[in-house]
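# Architecture and fold: a report
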Amino acid sequence: MRSQAPLRACGALLDYKTVKFALTRNRRVGLLHRLLQLGVLGYVLGWVLLARKGYQDTDRAPRAAVVTKMKGAAVAEAVGKGRRLWDAADYARPPQGENVLFLVTNFIATAQQSQGTCPESPSVLDAVCTEDADCPVGNPVVHGNGIKTGKCVMFNTTHSTCEIYGWCPVENNTVPRKPLLAEAENFTLFIKNTVHFTKFNFSKCNALQTNDPTYFKSCTYDPFFNRSCPVFRVRDMVEAAGETFGDLALLGGSIGVRIEWDCDLDHPAAQCQPQYSFSLQDRRYNFRTASYYWDSQRRLYRNLLKLYGIRFDISVHGQAGKFSIIPAAVSFGTGIAFFGAATVVCDLVLLYLDAKADFYWKEKFEEAKPPKGKTEAAA
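Everything numeric in this text was worked out from a predicted model, so none of it was measured.

## Some thoughts on a nonpolar patch on the surface
Taken together, the side chains of Leu31, Leu35, Leu38, Leu41, Leu45 and Phe339 define a hydrophobic patch exposed on the protein surface, amounting to about 560 Å² of accessible area. The biggest single contributor to the nonpolar patch is helix H2 (residues 27-51), with five residues. Along the chain, Leu35 turns up in helix H2.

Written out as C-alpha cells, the structure is:
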C-alpha cells in the first residue's frame, strides 16, 4: 500500500480541478452585480476606448519648429522729437523671431546723451538731498542713472538732487498718456509651425500648402472659416487673452501663445489641425536700448529709448496616436479583469454583509473528507 503512494502523488498532478458555482436567487446582489458590470462596460468602452483611445500607441513629445514674422507700419510723434516712421525693423525684437517676439507699442526717448555730470532725476528717492553731505562721493544712486559726485545741486526751482557722473541729461521718465504706436493693433503676426512625431514618422505644418504667392498676404486666421491661415492680427490676439489693446500697449505686457496638436493618425492627415489659445502672462513689460554715434569733435553720444510693448511667448504641445495591438490587448485585458473584480465584490457582499451569510457560506464552500475505510487503512 505504501509503495503505491508515490504513484498516487504523480497521478494527482494530472487531476483537473473546476470551480463550483452556487446559484443564489438574491435580487439585491444580482442587481448589484449587473450594475457593476454595466459600470465596467461603460468605463472600458466610454473612457478607455473612446475618450482615452486605449487601443492606440501615442507620441507625446513632438519635435517642433517655430518661425515668426511681424508686418505693419506706424507713425509716432514724441514730444520735442518730431514724427518718425516705425516699421518691422524698428518695432520687432528680434527682427526675425522664433519662439519669442517683442512688439514695441510705446516708448520714451532721451536724445543726445553724453557722459558727464548733471543733476539726478528727483523721481529717484535716493537722489533727493538738502546738502552735500547727503551725496557721498563715489556712491551709486540706487535705482538711478550714475555715480554721486559729492555735490547737492538744483534740479529745478523746486527740487535739489545729487549731482551724478553718468549719461546726461538723465533719462526722461514721462510716460505718454496714450501708446505712441497705436496702429500696432492692426499689425499682423505670421506664425509658421511644423511638428514631427518621430515615433510614427509623421510631420505636419500649420500653414496651408498653396502655390498662390498672395494667399498669406491677404488672409487672416479665423477659428471657424480660415483655420489654415497662420496670420494673426495683434488686436485679436490681445482680446483673446482677455485684455484690450489700448490698456496693454501703454505699459506693455506678455501674452502666451499656445499651439496644441492632437492628431489621430487612424484618420486622414488633413484632420490633424492645431488649436490656438492665448493667455495673459504678465502686465508691464519694457526694456532699454540705445544707438551710439560720434560728433564732429569725436565726442560720444547716444539716443536712449525705453521701449514698452507686448511680448509674445509661443509654445508648442501635442500628441499623436495610432492603433497598436499591444495597447489594445492591454486595454481589453484590463476590462476583463474589472469584470472579474465585480464578481469578487458581489461575493464579499453575499458572504459577509447579507442576512443569510451563514447559509451562503455552507452552500459555496464544501469540506472534502476522505471515506472512513481509506482513513483507517492509511493509519
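## What about the state of the cysteines?
The tally for this structure, following the rule as stated, stands at five disulfides. What pairs with Cys263 in a disulfide is Cys272, and their sulfur atoms sit 1.8 Å apart. Accessibility classification places Cys263 together with Cys272 in one group, the buried group. For the protein, the bonded cysteines pair up as 1-6, 2-4, 3-5, 7-8, 9-10 when numbered in the order they occur along the sequence.

## A closer look at the nonpolar core
Met70, Trp86, Tyr91, Phe107 and Phe312 are the most contacted members of the largest nonpolar core, which totals 48 residues. When residues in this core are grouped by element, the largest group, seven residues, is from strand S15 (residues 300-323). The residues touching Phe312, leaving out its near neighbours within four places in the chain, are Met70, Asn99, Val100, Leu101, Leu103, Leu189, Val234, Met237, Ile255 and Val257. Listed in part, the seven residues of the second largest apolar core include Cys118, Ala127, Val141 and Val170.

## A word on unusual backbone geometry
For the bond from Cys168 to Pro169, the omega torsion is -5°, close enough to zero to count as cis. Summarising the element assignment, Pro169 is placed in the loop between strand S8 (160-168) and strand S9 (188-197). A positive phi angle is found at His143, which is not glycine, with a value near 60°. As for its position among the elements, His143 is in the loop between strand S6 (100-119) and strand S7 (146-154). Owing to a relative accessible area of 78%, His143 belongs among the exposed residues under this scheme.

## Things to note about the packing of aromatic side chains
Taken as a whole and assessed by the stated rule, the structure comprises 13 aromatic pairs. Each ring, one from Phe232 and one from Tyr276, has its centre 4.9 Å from the other, and the planes form 70°; the classification is edge-to-face. Taken as a pair, Phe232 in strand S11 (residues 231-233) and Tyr276 in strand S13 (residues 274-283) lie far apart in primary sequence, 44 residues in all. You can call Phe232 buried: its relative accessible area is 4%.

Conventions adopted
- Here the residue numbering is sequential within each chain, running from 1 through the sequence in written order.
- Whole-chain, interface and lining totals are the exception, using all residues; otherwise, since this is a predicted model, local features are given only for residues with pLDDT of at least 70 and side-chain atom pairs are given and counted only at 80 or more.
- The side-chain numbers reported here are obtained from all heavy atoms of the structure, hydrogens and water having been left aside.
- Patch rule: a residue counts if its relative accessible area is over 30% and it has no salt bridge; like charges are joined within 9 Å, and nonpolar side chains (Val, Leu, Ile, Met, Phe, Trp, Tyr) within 5 Å.
- Under the convention used here, a 1.4 Å probe and the Shrake-Rupley method define accessible areas, while residue burial counts only the protein chains that appear.
- In what follows, salt bridge is the name for a side-chain nitrogen of Lys or Arg lying within 4 Å of a carboxyl oxygen of Asp or Glu.
- Each helix corresponds to a stretch of at least 4 residues labelled H or I by DSSP, and each strand to a stretch of at least 2 residues labelled E; elements are numbered beginning at the N terminus.
- Count a disulfide wherever a pair of cysteine sulfur atoms falls within 2.5 Å.
- The classification of residues rests on relative accessible area computed with a 1.4 Å probe and restricted to protein chains. Under 20% of the type maximum is buried, over 50% is exposed, and intermediate values are partly exposed.
- Put simply, buried Ala, Val, Leu, Ile, Met, Phe, Trp, Tyr and Cys residues joined by side-chain atoms within 4.5 Å make one nonpolar core.
- By definition in these notes, contact holds between two residues if any of their heavy atoms fall within 4.5 Å.
- Between the rings of Phe, Tyr and Trp (Trp by its six-membered ring), a pair exists once the centres lie within 6.5 Å; its type follows the angle of the planes, with under 30 degrees stacked, over 60 edge-to-face, and the other angles tilted.

Honestly, that's just the spatial picture; any functional story needs more than this.
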